[in-house]
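Tertiary structure, described
Below are the chains, spelled out letter by letter.
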Amino acid sequence: MKITTSSDWRDEMPFDVPVSASEVLPGEPTRCAGCGSDASLNPRTVMWAVKHRHPNNHAGFVRLYCSVHVPKPPARAPELSVTKKRERRPAARKADAVPERPKILCPDCYVEVPSHGTCGMCGQQVAG
């Protein structure tokens, strides 16, 4: 069975970047994920939607936060300094491979005989 995902509104959101919830997901007032279930409802115009990464779903998941609990965007990775390129040396030649032994077939069964020379089907000794 092949599992596929459908396209929805979350695909357009960037990961770990707060976006106004009223622009992305308009609707009724809701609670902040950081405040807990006892908190009062807030209008979506003051809420922030953040798309988080998920280990099992490449599309991620979205949570709504108030301005107090909105997570900060991740810091950018530091710029890598330009280093001198190392010279490339040609790869060492590999030794020639040992040729395989020719395949020996049992004259009665027409199956390949193992290296010890005894047919696995009929038990006949076959000289190679």
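Details of the structure are given in the entry above.
Anyway, here's the lowdown on the structure attached to this text. (Residues numbered from 1 in each chain as written. Predicted model: local features only at pLDDT ≥ 70, side-chain atom pairs only at ≥ 80, totals over all residues. Heavy atoms only, no water.)

1. So, the sheet that holds strand S1 (residues 19-20)
Put simply, the rule is: Between any two strands, pairing holds if DSSP finds at least two bridges. By definition, any uninterrupted DSSP run of H or I lasting at least four residues is a helix, any uninterrupted run of E lasting at least two residues is a strand, and each is numbered from the N terminus.
With antiparallel pairing, three strands are arranged side by side in an open sheet as S1-S2-S3. Edge positions in the open sheet fall to S1 and strand S3 (61-65), since each of these has one partner strand only. When strand S2 (residues 48-52) meets S3, the two strands line up antiparallel, connected through five bridges. Across the sheet, residue His52 finds its bridge partner in S3, namely Phe61.

2. Some points on the environment of Pro73
The condition that has to hold: Between two residues, a contact is recorded if the distance between any of their heavy atoms is within 4.5 Å.
Note that Pro73 resides in the segment after S3. The spacing of Pro73 and Asp16 is 57 residues in sequence and 5.8 Å in space, taken between C-alpha atoms. Ignoring any residue separated from it by four or fewer positions in sequence, one finds Pro73 in contact with Asp16 and Pro18.

3. Section: the side chain of Lys51
We apply this condition: Throughout, exposure labels follow a simple rule: accessible area from a 1.4 Å probe, protein chains only, divided by the maximum for the residue type, with under 20% read as buried, over 50% as exposed, and the rest as partly exposed. Under the counting rule used here, the positive set is Lys and Arg, the negative set is Asp and Glu, and His together with the chain ends is not counted. We count a salt bridge whenever a side-chain nitrogen from Lys or Arg sits within 4 Å of a carboxyl oxygen from Asp or Glu. Two N or O atoms form a polar contact when they lie within 3.5 Å of each other; inside protein one atom must be a possible hydrogen donor and the other a possible acceptor, and for residues adjacent in sequence the pair counts only when both atoms belong to side chains.
Take Lys51: it is sitting in strand S2. It turns out Lys51 is buried and unbridged, and the closest side chain with the opposite charge, Asp11, is 4.9 Å from it. Reaching out from Lys51, the side chain makes a polar contact with the backbone oxygen of Arg10 at a distance of 2.9 Å. Not counting residues up to four positions away in its chain, the partners in contact with Lys51 are Arg10, Asp11, Met13, Pro14, Phe15, Asp16, Ala59, Phe61 and Val62.

The values reported here are purely geometric and, on their own, carry no functional implication.
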